[in-house]
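So the chains spell out like this:
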Amino acid sequence: IALIELDRPVNFSDPYLAAICLPNEQNDAFPTENQFAYVTGWGRLGENASYSYTLQQLVLPIVSDQDEFCQRQISDELFQFCAGLRQGEKDTCQG
């Protein structure tokens, strides 16, 4: 997350702009299984592929925090969660 100061007010009637909600201090808005996460970035387009010059977006299902593979990947359950497909193909790991 980045914080920037703008030189003029934001026009939220612009269809390309929208506000986002951040979790509250109790983190009770944390995503759970049966929900989806939107991920964006300019990462690699495939394993060992080149980086994207266009912002990419992907929708991934949230994985249960009880999932054995997920539990091995998470180091801080307060700030991290798992999302993705068990068979791979769509992820944020090098394409």
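Residues numbered from 1 in each chain as written. Predicted model: local features only at pLDDT ≥ 70, side-chain atom pairs only at ≥ 80, totals over all residues. Heavy atoms only, no water.

A.B. asks: Explain unusual backbone geometry residue by residue, including any values.
C.D. replies: The phi dihedral of Asn34 falls on the positive side, at around 75 degrees, and the residue is not glycine. Tracing the chain through its elements places Asn34 in the segment before strand 1 (36-41). (Helix = DSSP H or I, 4+ residues; strand = E, 2+ residues; numbered from the N terminus.)

A.B. asks: Could you give an account of the pattern of salt bridges, with specific residues and numbers?
C.D. replies: All told, the structure shown has two salt bridges when counted by the stated rule. When the shortest N-O distance is used, the salt bridge between Arg8 and Asp7 registers 3.2 Å. Judged by relative accessible area, which is 60%, Arg8 ranks as exposed. Owing to a relative accessible area of 68%, Asp7 belongs among the exposed residues under this scheme. (Salt bridge = Lys/Arg side-chain N within 4 Å of Asp/Glu carboxyl O. Buried < 20%, exposed > 50% of the residue type's maximum accessible area, 1.4 Å probe, protein only.)

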